[in-house]
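Below are the chains, spelled out letter by letter.
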Amino acid sequence: MKSFYFKGQRKLQSVKRGGAWRKGLVGASTLAGLFSLPVCAQQADPVTPVVVQPGAPGQPTRTLPPSTRATLPPRSLADVRFMQGMIMHHAQAVEMTALIESHTQNTELRLLGARISHSQSEEIKFMKRWLEARGEPSSAPMQDMRGMDISMPAMSGMDMSSHPMLMPGMLTPKQMEALKNAKGAEFDQLFLTGMIQHHNGALIMVKDLFDTAGAGQDAELFNFATDVDSGQRAEIRIMQTMLGEKPLEEKR
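The rules we used
Residues numbered from 1 in each chain as written. Predicted model: local features only at pLDDT ≥ 70, side-chain atom pairs only at ≥ 80, totals over all residues. Heavy atoms only, no water. Phe/Tyr/Trp six-rings, centres within 6.5 Å; stacked < 30°, edge-to-face > 60°. Helix = DSSP H or I, 4+ residues; strand = E, 2+ residues; numbered from the N terminus. Buried < 20%, exposed > 50% of the residue type's maximum accessible area, 1.4 Å probe, protein only. Expected span 1.5 Å × (residues − 1). Polar contact = N/O pair within 3.5 Å; in protein donor to acceptor, adjacent residues only side chain to side chain. Axes fitted to C-alpha atoms, helices over the stretch in contact; angles between N-to-C directions. Parallel < 35°, antiparallel > 145°, perpendicular 65-115°, else oblique. Left-handed = near helix turned anticlockwise from the far one by under 90°. Contact = heavy atoms within 4.5 Å. Salt bridge = Lys/Arg side-chain N within 4 Å of Asp/Glu carboxyl O. Nonpolar A, V, L, I, M, F, W, Y, C, P; charged D, E, K, R; others polar. Core = buried A, V, L, I, M, F, W, Y, C linked by side-chain atoms within 4.5 Å.

Caption draft 1: Quick peek at the packing of aromatic side chains. Within the structure shown, the criterion is met by 3 aromatic pairs. Summarising the aromatic geometry, the rings of Phe126 and Phe224 are spaced 5.3 Å apart at their centres and angled 45° between planes, so their arrangement reads as tilted. With Phe126 in helix H5 (residues 107-133) and Phe224 in helix H9 (residues 219-244), this residue pair connects regions lying 98 residues apart in the sequence. Here Phe126 and Phe224 have matching classes, each one buried.

Caption draft 2: A look at H5. The terminal C-alpha atoms of H5 lie 39 Å apart, and with 27 residues this matches the ideal 39 Å at 1.5 Å per residue to within 8%. Along H5, the positions that sit buried rather than exposed are Leu109, Leu112, Gly113, Ile116, Gln120, Glu123, Ile124, Phe126, Met127, Trp130 and Leu131. For H5, the side-chain oxygen to backbone nitrogen distance between the N-cap and Glu108 is 3.0 Å, and the N-cap itself is Asn106. Looking one or two residues past H5, Gly135 carries a phi angle of roughly 70°, positive in sign.

Caption draft 3: Broad picture of the environment of Thr193. Of note, Thr193 is situated in helix H8 (residues 184-211). Judged by relative accessible area, which is 34%, Thr193 ranks as partly exposed. Each C-alpha atom, one on Thr193 and one on Leu243, is 8.1 Å from the other, the two residues being 50 residues apart in sequence. Reaching out from Thr193, the side chain makes a polar contact with the backbone oxygen of Gln189 at a distance of 2.9 Å.

Caption draft 4: Main features of the packing of helix H3 (residues 77-97) against H5. Where H3 meets H5, the closest approach of the two axes is 9 Å, and the angle between their N-to-C directions is 150°. When the axes of H3 and H5 are compared, the pair comes out roughly antiparallel. Once H3 is placed against H5, the crossing between them reads as left-handed. In this structure, H3 contributes Asp79, Val80, Met83, Gln84, Met86, Ile87, His90, Ala91, Ala93, Val94 and Thr97 to the contact, and H5 contributes Gly113, Ile116, Ser117, Gln120, Ser121, Glu123, Ile124, Phe126, Met127, Lys128, Trp130 and Leu131.

Caption draft 5: The environment of Ile87, seen in detail. With respect to the helices, strands and loops of the structure, Ile87 is situated in helix H3. Its relative accessible area of 9% is what places Ile87 among the buried residues. Considered as a pair, Ile87 and Ser138 are 51 residues apart in the sequence and their alpha carbons are 7.5 Å apart. Among all residues touching Ile87, those that are not within four sequence positions of it are Ile124, Met127, Lys128, Leu131 and Ser138.

Caption draft 6: Seen up close, the pattern of salt bridges. Across all of its chains, the model carries 7 salt bridges by this definition. In this structure, Glu220 and Arg134 form a salt bridge, with 3.7 Å as the shortest nitrogen-oxygen distance. Here Glu220 is found in helix H9, whereas its partner Arg134 is found in the loop between H5 and helix H6 (142-146), with 86 residues between them in sequence. Given a relative accessible area of 44%, Glu220 falls into the partly exposed group. For Lys207, the salt bridge is made with Asp211, and the minimal N-O distance between the two is 2.7 Å. Residue Lys207 and its partner Asp211 are located together in helix H8, separated by 4 residues, close to a single helical turn. Pair check on accessibility: Lys207 and Asp211 agree, each one exposed. Residues joined by salt bridges that share partners form a network here, namely Arg134, Asp218 and Glu220.

Caption draft 7: Quick peek at the packing of H5 against H8. As a packed pair, H5 and H8 sit with axes 12 Å apart at the nearest point and diverge in direction by 35°. Of the two possible hands of crossing, H5 and H8 adopt the one that is left-handed. In contact with Leu109, Leu112, Ile116 and Gln120 of H5, H8 contributes Phe187, Asp188, Phe191, Leu192, Met195 and His199. Of the residues in the contact of H5 with H8, the class split is 7 nonpolar, 2 polar and 1 charged.

Caption draft 8: Main features of the side chain of Arg81. Residue position: Arg81 is located in helix H3. A distance of 2.8 Å separates the side chain of Arg81 from the side chain of Gln84, its partner in a polar contact.

Caption draft 9: The arrangement of the nonpolar core in detail. In terms of nonpolar packing, the biggest core is built from 22 residues, with Phe82, Met83, Met86, Met127, Trp130 and Phe224 touching the most fellow members. At the level of elements, H3, H5, H8 and H9 are the ones that each hand at least two residues to this core. Aside from chain neighbours lying at most four places away, what touches Met127 is Met83, Met86, Ile87, His90 and Phe224.

Quick look at the structure:
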């Protein structure tokens, strides 16, 4: 009885091994057949792209020829000047954050500075690409920059008359020099108050853009400007909280 059982087991295992071998052979043959097919048989025929233009309300859509290319929206001088001015504005913020490593050991401030530096450096690249795509330089001609509105009601006490090239909120050379000469807690204080001033200036620039008739209609610029507004408002709140943890009397 045991001998019959063991023989049966061996036979069953042999059958299983044979089945597995045959399955492997069939699978290998199938793969070999697939790989031996001509390349053209393995690739689907390319599909001709279809360009559809949505119709006006109540009107049908139109199928346009495949050669149709997207066109940029009408150029607004206010859009161009906003981007050119914001590049200059962002560049000073990056310059300010570059001082952090050698002027303070405040970990929280270092993290904030890294965030501001990275985001504004990437935004500068975006603004330069946006201007280049429209055949515009990264900076406006001097005569045009002098005509830009740089009024700063929130910056009472600052002598802006001697710095006509400053965008709203930008630190004067005197403020930048004071920041460079400060260390430790004094630097932290000057950096935070200066960057809040700087961010508030960017909010003014965004508001002026959208208050200008015909400006801010470009989809890319609209999304960018609204991101600047929301992002810098959030960072202002962070910096205000940090200032609350470091009262003025703690300056040294």
